[in-house]
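Now for the letters of each chain:
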Amino acid sequence: MEDRYARQQLFSGIGKEGQKHIREKSVLIIGAGALGGANAEMLVRAGVRKVTIVDRDYVDASNLHRQQLYTEQDAKDNIPKAIAAEQRLRAVNTDTEIKGIAMDAKADNVESLLEDVDLIVDGSDNYEIRFIINDLSQKHHIPWIMGACAGSNGMSYTFLPGETPCLQCVLPSMPDVGMSCETSGIIAPAVQITASIQTTEALKLLAGRWNDLRKKLLLFDVWQGQPLSINMFHAKKADCPSCGEQRDYPSLRYSFETKLEVLCGRDTVQIRPSHKKEYDFSSLEGVLEKHGKVRRNPYVLTCLLHDYRLAVFQDGRVLVHGTNEVEKAKTIYHQLLS
Amino acid sequence: MIKVLFFARLQEEIGKESMEVEKAGVSVSDLKKWLAATHHLPHMTQTMAAINENYANDDDIVNEGDTIAFIPPVSGG
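Per an unreviewed UniProt entry, chain B carries the name Molybdopterin synthase sulfur carrier subunit and comes from Alteribacillus persepolensis. As recorded by UniProt, the Pathway (unreviewed entry) comment attached to chain B reads in full: "Cofactor biosynthesis; molybdopterin biosynthesis." Chain B has a UniProt comment under Subunit (unreviewed entry) that states "Heterotetramer of 2 MoaD subunits and 2 MoaE subunits. Forms a stable heterotetrameric complex of 2 MoaD and 2 MoeB during adenylation of MoaD by MoeB. During catalysis MoaD shuttles between the two heterotetrameric complexes."

As annotated in an unreviewed UniProt entry, chain A carries the name Adenylyltransferase and sulfurtransferase and comes from Alteribacillus persepolensis. The UniProt entry for chain A carries this comment under Sequence similarities (unreviewed entry): "Belongs to the HesA/MoeB/ThiF family."

Written out as structure tokens, the structure reads:
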């Protein structure tokens, strides 16, 4: 399909030269939800050489109003988003090498993916992973484009190591009460505008047009139409532990304990075992069938208990839906799975 | 007189987009504390601030005629 990028390279900001650069670049997208999916589709259509997309969740019916890569069938089958995204993106552009990875993005496993990555695009939904992306960006000198949205609000900023302030400079303490899609809802246009701003910045970076980058943090409310651009120059801190002279990348300190995490506003607790486990789903099905109805695909096994629903992933992670209480989730986990 | 703008969830919590207050000369962190106490805003310490569209640190001073915007973290995606 010789002409497929003709209109894109006709645009003076890209040009033939810019398109050539885009075709050589590799992008890592963290999160395959609304922002990750929208960015991924645009970047794959734009002809990026390689797109890797990572996500820990599976497709749910409540995603479908805004997460453009997924279908009703994906939700019915509980397909992990990374897998469903890979299938859809492959159908969109065979020029691009596409890799979907179903995993819980953490410092160690994301770092192992960075070898040939030119740019990281944030499609995540929490600050814990954004602080990890930020430290990895500084450590490996890879730019990243933050995006966040909730309600009718969106924001984006392009972090350039060695040039702009980093996330740690901007937010010295990690927010624990961010405005999320679960607490404030979300409308698809807020997603699409945020993702469009991110992809625009990505195209500038990938095409080698660094001088055209926005350099300001952009915030907007798509419902009320109240945009705000903030000059971030004053945010840079010389003693920043992530980008300052004496840096120790505080978000990259690994934890090897079993980790329990309440997924905010979702009535769900995630349990991540201390060591990678690989479940044999057919024998696990035999065990869990005694407790409730089991459904499975090659990636996720779900079991409908009386008051809860368990989702067990191949990598050993378990989501306990129906509770926000860590202790309760732990009890169920130990009773049924360990 | 300074003008205070509220964004995202803060706007919902406080019920308006902006207000004017006689607080010229105070630091950003003191203004945050005052707003938290007088308007029952529990998360002001995690809120980013910008004075006249420039990022502001907690010890920056808000001067007469300035517009200060408070932007709470948006986390969804």
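Here the narrative resumes, following the displayed structure.
Colleague: I keep staring at the interface of chain B and chain A and nothing clicks. Help me out?
Modeller: It is common to give the size of an interface as the accessible area that goes away when the parts come together. Across the contact, 22 residues belong to chain B and 39 residues belong to chain A. Interface area lost by chain B to chain A is led by Tyr 55, Val 74 and Gly 77 of chain B, which between them contribute 27%. Counting every contact that joins chain B to chain A gives 15 residue pairs in polar contact (both at pLDDT 80 or more). The element contributing the most residues to the side of chain B that touches chain A is helix H1 (residues 8–14) of chain B, with four residues. Split by residue class, the side of chain B that touches chain A holds ten nonpolar, eight polar and four charged.

Colleague: Help me understand the pattern of salt bridges in this model?
Modeller: Once the charged atoms of two side chains with opposite charge are near each other, the side chains can pair. Residues and elements named next belong to chain A. Summed over the entire model, instances satisfying the criterion amount to 24 salt bridges over all chains. Measuring nitrogen to oxygen at the nearest pair gives 4.0 Å for the salt bridge that ties Lys 81 to Asp 57. Highlighted residues: Lys 81 in helix H5 (residues 81–92) and Asp 57 in the loop between strand E2 (50–55) and helix H4 (72–76), separated in sequence by 24 residues. Note that Arg 317 is salt-bridged to Asp 315, the shortest N-O span being 3.4 Å. A single burial state applies to Arg 317 and to Asp 315, both of which are buried.

Colleague: Would you explain the packing of aromatic side chains in this entry?
Modeller: For any pair of aromatic rings, the description consists of the separation of the ring centres together with the inter-plane angle of the planes. Residue and element names in this part refer to chain A. Enumeration according to the criterion identifies three aromatic pairs over all chains in this entry. With a centroid separation of 5.9 Å and an interplanar angle of 40°, the aromatic rings of Tyr 58 and Phe 313 are classed as tilted. Separated by 255 residues along the polypeptide, Tyr 58 in the loop between E2 and H4 and Phe 313 in strand E13 (residues 309–313) bring together distant segments of the chain. Here Tyr 58 falls in the buried class, since its relative accessible area comes to 3%. Residue Phe 313 is classed as buried on the basis of its relative accessible area of 3%. Aromatic pair Tyr 157 and Phe 159: ring centres 4.7 Å apart, planes at 80°, arrangement edge-to-face.

Rules of the game
Residues numbered from 1 in each chain as written. Chains lettered and ligands numbered in written order. Predicted model: local features only at pLDDT ≥ 70, side-chain atom pairs only at ≥ 80, totals over all residues. Heavy atoms only, no water. UniProt positions renumbered as here; feature names shortened; annotations may be inferred. Contact = heavy atoms within 4.5 Å. Buried area = accessible area lost by both parts, 1.4 Å probe. Polar contact = N/O pair within 3.5 Å; in protein donor to acceptor, adjacent residues only side chain to side chain. Helix = DSSP H or I, 4+ residues; strand = E, 2+ residues; numbered from the N terminus. Nonpolar A, V, L, I, M, F, W, Y, C, P; charged D, E, K, R; others polar. Salt bridge = Lys/Arg side-chain N within 4 Å of Asp/Glu carboxyl O. Buried < 20%, exposed > 50% of the residue type's maximum accessible area, 1.4 Å probe, protein only. Phe/Tyr/Trp six-rings, centres within 6.5 Å; stacked < 30°, edge-to-face > 60°.

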